[in-house]
Amino acid sequence: MTMNREGRQSKGDAATANVVTFTGNRALQIEESLIFEKDAFASTGVDFPAPTGKHDRIGALKRTSAIGLPGLSEPEAMRHFVRLSQKNYAIDMGPFPLGSCTMKHNPRLNEKMARLPGFGDVHPLQPQSTVQGALEVIDTLAHWLMEMTGMPAVAMSPKAGAHGELCGMMAIKSALAARGKAHRTRVLAPESAHGTNPATAAQCGFTVDAIPADETGRVDLAAFRGKLGPDVAAIMVTNPNTCGLFERDIKAIADAVHEAGGYFYCDGANFNAIAGKVRPGDLGVDAMHINLHKTFSTPHGGGGPGAGPVVLSAALAPFAPVPYVVRDGGEFHLVETRRMAKSEGEGAAGGRITAFHGQMGMFVRALTYMLSHGGDGIRQASEDAVLNANYILARLKAEMTPAFPGYCMHEALFDDRFLMGTGVETLDFAKAMIDEGYHPMTMYFPLVVHGAMLIEPTESESKAELDLFCDALLDLARRAKAGETARFTASPMLSPRRRLDETAAARKPVLRWTPQQAPEAAE
Amino acid sequence: MRYLPLSDADRRQMLSVIGAKSIDELYRDVPKSALNARIDLPAHKGELDVERIMGAMAAKNRPAAEGPFFVGCGAYKHHVPATVDHIIQRSEFLTSYTPYQPEIAQGTLQYLFEFQTQIAALTGMEVANASMYDGSTACAEAALMARRVTKRGKAVLSGALHPHYAATTRTNVELLGDRAVQLPIDIEAKEDLAAAIDGETSCVIVQTPDVFGNLRDLTALSKACQAKGVLLVAVVTEIMSLGAVKSPGEMGADIVVGEGQSIGNGLNFGGPYVGFFATREKLIRQTPGRYCGMTTDADGKRGFVLTLSTREQHIRRDKATSNICTNSGLCALAFTVHMTLLGEAGLRAVAALNHESAAKTADALSSVKGVRVLTKSFFNEFTVRLPMNATGVVEALAADGVLAGVPGERLWPHDKDAHDLLIVAATECVTDADISAFTASLSKALA
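Residues numbered from 1 in each chain as written. Chains lettered and ligands numbered in written order. Predicted model: local features only at pLDDT ≥ 70, side-chain atom pairs only at ≥ 80, totals over all residues.

Caption draft 1: Looking closely at the overall build of chain B. The number of helices and strands found in chain B is 14 helices and 13 strands. Over its C-alpha atoms chain B spans a radius of gyration of 25 Å, differing by no more than 12% from the 22 Å that the globule rule assigns to 447 residues. C-alpha extents for chain B along the principal axes are approximately 80 × 55 × 50 Å. Buried residues in chain B amount to 64% of all 447 residues. Residue pairs at least 24 apart in sequence account for 72% of intrachain contacts in chain B once pairs closer than 6 positions are excluded. (Helix = DSSP H or I, 4+ residues; strand = E, 2+ residues; numbered from the N terminus. Rg over C-alpha atoms; globule rule 2.2 N^0.38 Å. Buried ≥ 20, exposed ≤ 12 C-beta atoms within 10 Å, placed from the backbone. Contact = placed C-beta atoms within 7 Å.)

Next comes the structure, spelled out in structure tokens:
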């Protein structure tokens, strides 16, 4: 007896690809309306006892107008959000090689620990005697960060990478003021820097002066030296940099800026290439933020929350914001206010940058990650991330064009020379990856490379996954060169939505649902 | 190591494809003296060991749900439906990135659009962005925006603005050489903010319910602001109040910012939370943060994208309206799911229960000898004056298992007049037994 292994034969592949369904659904892809379009403005998915109505201390300020919030029963709400979720790509589904963003595996143990009631259900203003374990987490995480970076201090409260930059640059501004050097207002930053660097410097009241890159993708040392002067407050350098390269002159850069009386702010977004292997403190860094959501794998969550603790040199440590944790024997204390020179108690120097004590939920996840990996595992993870990126670089250079010669660190940067004359642009190439089941790489960043494609595999990819990924990209590159232009310019074709009209979205912004949209939506 | 898929054989094979002799050859640009630094940290551990270590630290903390709990001041203990945590732990939400590739991120984008609509509806404003880090940083960003809009450099802060919010705002405006002037501590909502406006004033920042719990009518203040071209920034740290109380938008606020933690998000010892930022449409180009907007795709189907990004750091760099990049996406999802379950009917019901809990607690406490309830009009939080420093009282009650509220000294260490204040919050989670335990323990402590 023979088994029918194929099931019933399907006929005609071209016809099925364009099948039009009555519902608009495509099998597992279910179309889903907005909650506001479900005629549910009077319903709810929660059960509460009826209030007695006996108490009223609100008086004239009682809300009388309708709010306009639909409520869905639990099964309806569940379906709504599950259907939405199925329109998202995620690291748990496949490679997410978004350069500079570090999409690595998010261990679920970290989630479990963050949900322990002792961490998830404690209030930031409870008596400190009732949160000693929470303060111990902050103190322990601080110890790991200082040990790994070789820095003597760390400010834990910044809420994300850019907030960490603000914290570090604020400390630099305060330190300069304390030294009587408030006239130093110019900050140097490479052209290849993340946009947050110049934006942060400006938010701190500095002016920004861009340093060009040299032909190897690194800071142009001569141009940098030429820009040093008595008005320079600091240099902001990402290392490894946004081209995926280690700034080999990093010590010379640090020495020069120090000699000129400025500080060295390091953007630690790419710390995941060197964690456990190189200590930024040994390179002359004065301040560096660490994205716990990158290097230490707290989930990106579709755009946050993150956490951005900042390690600080001895010179900058006194200018860290409150709060901070101090250990006194076996007891932990939270220092929440500090009298500085300013009469108001809390001024810019040593002042607050956020309410409460930082992203505790992220601290628990990051510390869990660190304990799981240990010093040895963190180092191995960095090495594997670098190995994976170099493997991609080595394999893809058969058809694609690396932006710079030599090895890379944790991410491989290509330019668009290999697409020249094909009619296919970086954007098209990236969108074609979607149909192959991949999230595109970072496109058009860093700005110093034409049509940049920045690929960061992280240590989480197996060799088999990398090989398939490389084979797929090599195939795409060959097809682009073979003139299959339309395949690229029309892509993606298989995703829940095809290319979206971003120009129209920006020209006439529709940022919320309003009842007037209903007829349109019902088309 | 369970998180690392490469075997040693893989590593050797990959190095040979690369053409490198060792992994350290790939690190050849690192100064020799700095490579392979000695780092003194423990070795990797299995799940079981890690759970034991983390569990031991967690066990040293007193969770809110473990007994009577009345702590608020910007973070509130509410019941979050089980559905919320299930949804936010779905891989497709938890492990995705900022939706820069909209074709494969419609899930994130659509809930952000729903979040923006919910926030706009609640605050009574025309538009809201896709979230900020938290309420305090959203407040600081509002002051910075007012500076851009009015080209003036003085923010006037209410004396009943949460001190952490005031400090965060001051830090941010002073970095730009501006001033933030806070009125004296205002326990019973008696200050005259309109009188503090002058020709330099960019905005007035006022919280309602304020940090002491007072509900504030902003109508007259908004008229005064409008007359002088000053932006009125309303801060809401307890968003659940908007289910029972008039929205700041209805009272004429220009910007409404605050904390969304109460809906969908746990206490988490202070973070992560979800800040919100809502304003009028005409001011939108000066706002910080991300927006999701509606559009169509190449097939004419409705879809969503991040939009108005020419204000943002990745495009405008040093000319951006803010340096914010990562915000609070997943916390915004938690908010959206919880709010979708509540709906207007559920929100009004739970808000009414909050008010009832607080009113009952206030009545019970006012019967304790020596305790004076100072707040007349409130939502779920109010202030009492004790006959002694409240810090020690709170410690004594904690020893009894009652977490009684926030003592004034914690937030105003340098203001002696505040030291015998106790700020008490009571939500739907508070039971009659909790209130009895509180009053009994307090009577004992004050005796």
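So that's the structure; there's more coming.
Caption draft 2: Spotlight on the overall build of chain A. Counting its regular elements, chain A contains 15 helices and 13 strands. Its C-alpha atoms give chain A a radius of gyration of 26 Å, near enough to 24 Å, the size a compact globule of 523 residues would have. In chain A, buried positions account for 58% of the 523 residues. Contacts in chain A between residues far apart in sequence, at least 24 positions, make up 71% of those at least 6 positions apart.

Caption draft 3: Focus on the domain arrangement of chain A. All names here are of chain A. Examined at the domain level, chain A breaks down into domain 1 (109–369) and domain 2 (375–499). Relative placement of domain 1 and domain 2: their C-alpha centres are 31 Å apart. On the domain 2 side, the residues contacting the 18 residues of domain 1 number 21 residues. Here the residues of the side of domain 1 that touches domain 2 sort into eight nonpolar, eight polar and two charged. (Domains from an automatic or database assignment. Nonpolar A, V, L, I, M, F, W, Y, C, P; charged D, E, K, R; others polar.)

Caption draft 4: How the structure looks around helix 11 (residues 329–366) of chain B. Residue and element names in this part refer to chain B. A rise of 1.5 Å per residue sets the reference length of helix 11, with its 38 residues, at 56 Å; its end C-alpha atoms lie only 42 Å apart and thus fall more than 12% short of the reference. Of all the bends in helix 11, the greatest measures close to 90° and is centred on Gly-343. Of all 38 residues making up helix 11, 33 are buried, and the element is well covered by its neighbours. (Expected span 1.5 Å × (residues − 1). Bend = angle between axes of the 7 residues up to and from the residue.)

Caption draft 5: Quick peek at the pairing of strand 11 (residues 412–415) of chain A. Examined bridge by bridge, strand 10 (residues 401–402) of chain A and strand 11 of chain A share two bridges and lie antiparallel to one another. Bridge pairing in strand 11 of chain A links Pro402(A) to Phe414(A). (Pairing = 2+ DSSP bridges.)

Caption draft 6: View of the interface of chain B and chain A. Facing 166 residues of chain B, the contacting portion of chain A comprises 175 residues. Considering each element in turn, the side of chain B that touches chain A owes the most residues, 22 residues, to helix 11 of chain B. Its residues placed into classes, the side of chain B that touches chain A shows 85 nonpolar, 50 polar and 31 charged.

Caption draft 7: Geometry of the packing of helix 11 of chain B against helix 14 (residues 432–446) of chain B. All names here are of chain B. It is the contact of helix 11 with helix 14, at a shortest axis distance of 10 Å, that shows an interaxial angle of 25°. The angle between the axes of helix 11 and helix 14 places the two elements in the roughly parallel class. Seen from above, helix 11 lies across helix 14 with right-handed handedness. Here helix 11 contributes Lys-360, Thr-361, Ala-364 and Leu-365 to the contact with helix 14, which in turn contributes Ile-435, Thr-439 and Leu-442. Its residues assigned to classes, the contact of helix 11 with helix 14 shows four nonpolar, two polar and one charged. (Axes fitted to C-alpha atoms, helices over the stretch in contact; angles between N-to-C directions. Parallel < 35°, antiparallel > 145°, perpendicular 65-115°, else oblique. Left-handed = near helix turned anticlockwise from the far one by under 90°.)

Caption draft 8: Representation of the sheet that holds strand 4 (residues 232–238) of chain A in the model. Residues and elements named next belong to chain A. In space, the seven strands of this open sheet follow the order 1-7-6-5-4-2-3, with mixed pairing throughout. Two strands in the sheet have a free side with no partner beyond their single neighbour: strand 1 (153–155) and strand 3 (207–211). Sheet twist, expressed as the average angle between the axes of neighbouring strands with direction ignored, equals 25°. Taken together, the five bridges between strand 2 (residues 186–190) and strand 3 define a ladder with parallel strand orientation. Among the inter-strand pairings, Val-187 is bridged to a residue of strand 3, identified as Val-208.

Caption draft 9: Spotlight on helix 11 (residues 426–435) of chain A. Residues and elements named next belong to chain A. The element helix 11 is largely enclosed, with a buried count of seven among its ten residues. Of the positions making up helix 11, those classed as buried are Asp-428, Phe-429, Ala-430, Lys-431, Ala-432, Met-433 and Ile-434. The inward-facing, buried residues of helix 11 abut strand 12 (442–443), strand 13 (453–455), helix 12 (463–481) and helix 13 (485–489).

Caption draft 10: Quick peek at the domain arrangement of chain B. All names here are of chain B. If you check the domain split of chain B, you get domain 1 (68–79 + 344–446) and domain 2 (82–338). Placing the centre of domain 1 and that of domain 2 at their C-alpha centroids yields a distance of 27 Å. Taken together, the contact between domain 1 and domain 2 spans 29 residues of the former and 25 residues of the latter. Of all the secondary structure elements, the ones that give two or more residues to the side of domain 1 that touches domain 2 are helix 11, strand 11 (381–385) and strand 13 (421–425). Residue classes in the side of domain 1 that touches domain 2 are distributed as 16 nonpolar, eight polar and five charged.

Caption draft 11: The arrangement of the nonpolar core in detail. In terms of nonpolar packing, the biggest core is built from 319 residues, with Ile172(A), Leu312(A), Ala142(B), Val204(B), Ile205(B) and Val233(B) touching the most fellow members. Ranked by residues supplied to this core, first place goes to helix 11 of chain B with 21 residues. (Core = buried A, V, L, I, M, F, W, Y, C linked by C-beta atoms within 7 Å.)

Caption draft 12: Broad picture of the confidence of the model for chain A. Residue and element names in this part refer to chain A. The predicted model of chain A has a mean per-residue pLDDT of 93, with 93% of residues at 70 or higher. For residues 340–348, every residue scores under 50 in pLDDT, and the model assigns this stretch 20 contacts once sequence neighbours within four places are set aside. This model gives residues 519–523 a pLDDT under 50, and the stretch forms two contacts once residues within four places in sequence are excluded. (pLDDT = per-residue confidence, 0-100.)

Caption draft 13: Representation of the sheet that holds strand 7 (residues 275–279) of chain B within the structure. Residues and elements named next belong to chain B. The seven strands are arranged 1-7-6-5-4-2-3 in an open sheet whose pairing can be described as mixed. At either margin of the open sheet sits one strand with a lone partner, and together these are strand 1 (127–128) and strand 3 (179–182). Relative to strand 4 (residues 201–207), strand 2 (residues 154–157) is paired through four bridges, and the arrangement is parallel. Within strand 4, the position partnered with Leu-157 by the bridge is Ile-205. Helix 8 (residues 163–175) rests against strand 2, strand 3, strand 4 and strand 5 (231–236) of the sheet, and its axis sits at about 155° to strand 3.

Caption draft 14: View of the packing of helix 10 (residues 360–396) of chain A against helix 1 (residues 8–18) of chain B. Two numbers describe how helix 10 of chain A lies on helix 1 of chain B: the axes approach to 9 Å, and their chain directions differ by 40°. Between helix 10 of chain A and helix 1 of chain B, the angle falls in the class oblique. At the point where helix 10 of chain A passes helix 1 of chain B, the crossing takes the left-handed sense. Side by side, helix 10 of chain A and helix 1 of chain B meet where Leu387(A), Asn390(A), Tyr391(A), Ala394(A) and Arg395(A) of the first sit next to Arg11(B), Met14(B), Val17(B) and Ile18(B) of the second. For the contact of helix 10 of chain A with helix 1 of chain B, the class distribution of residues is six nonpolar, one polar and two charged.

Caption draft 15: Just unusual backbone geometry, in detail. Residue and element names in this part refer to chain A. The omega torsion across Asn-239 and Pro-240 is -10°, close enough to zero to call that bond cis. Relative to the assigned elements, Pro-240 resides in the loop between strand 4 and helix 9 (250–259). In this chain, Phe-445 is followed by Pro-446 through a cis amide linkage whose omega measures 0°. In this fold, Pro-446 is placed in the loop between strand 12 and strand 13. Positive phi is not limited to glycine here, since Ala-27 has a value of about 50°. Note that Ala-27 resides in the loop between helix 1 (13–17) and helix 2 (74–85). Using a count of 7 C-beta atoms within 10 Å as the deciding quantity, one classes Ala-27 as exposed. At Ser-100, a residue that is not glycine, the phi angle is positive and equals roughly 80°. If you trace the backbone, Ser-100 turns up in the loop between helix 2 and helix 3 (108–114).

Caption draft 16: Molecular detail of the pairing of strand 4 of chain B. Residues and elements named next belong to chain B. Among the seven residues of strand 4, seven are classified as buried, and the element is accordingly described as predominantly covered. Of the pairings in the sheet, the one linking strand 4 to strand 5 comprises five bridges and is parallel in character. Residue pairing for strand 5: Val-204 is matched across the bridge by Leu-232. One crossover worth recording links strand 4 to the parallel strand 5 by way of helix 9 (residues 219–227), and it is right-handed. (Right-handed = clockwise from strand over helix to strand, strands pointing away.)

Caption draft 17: Spotlight on the environment of Asn389(B). Residue and element names in this part refer to chain B. Along the chain, the position of Asn-389 falls in the loop between strand 11 and helix 12 (390–399). Judged by local crowding, Asn-389 falls into the partly exposed class, with 15 C-beta atoms found within 10 Å. With 316 residues separating them in the primary sequence, Asn-389 and Cys-73 have C-alpha atoms 18 Å apart.

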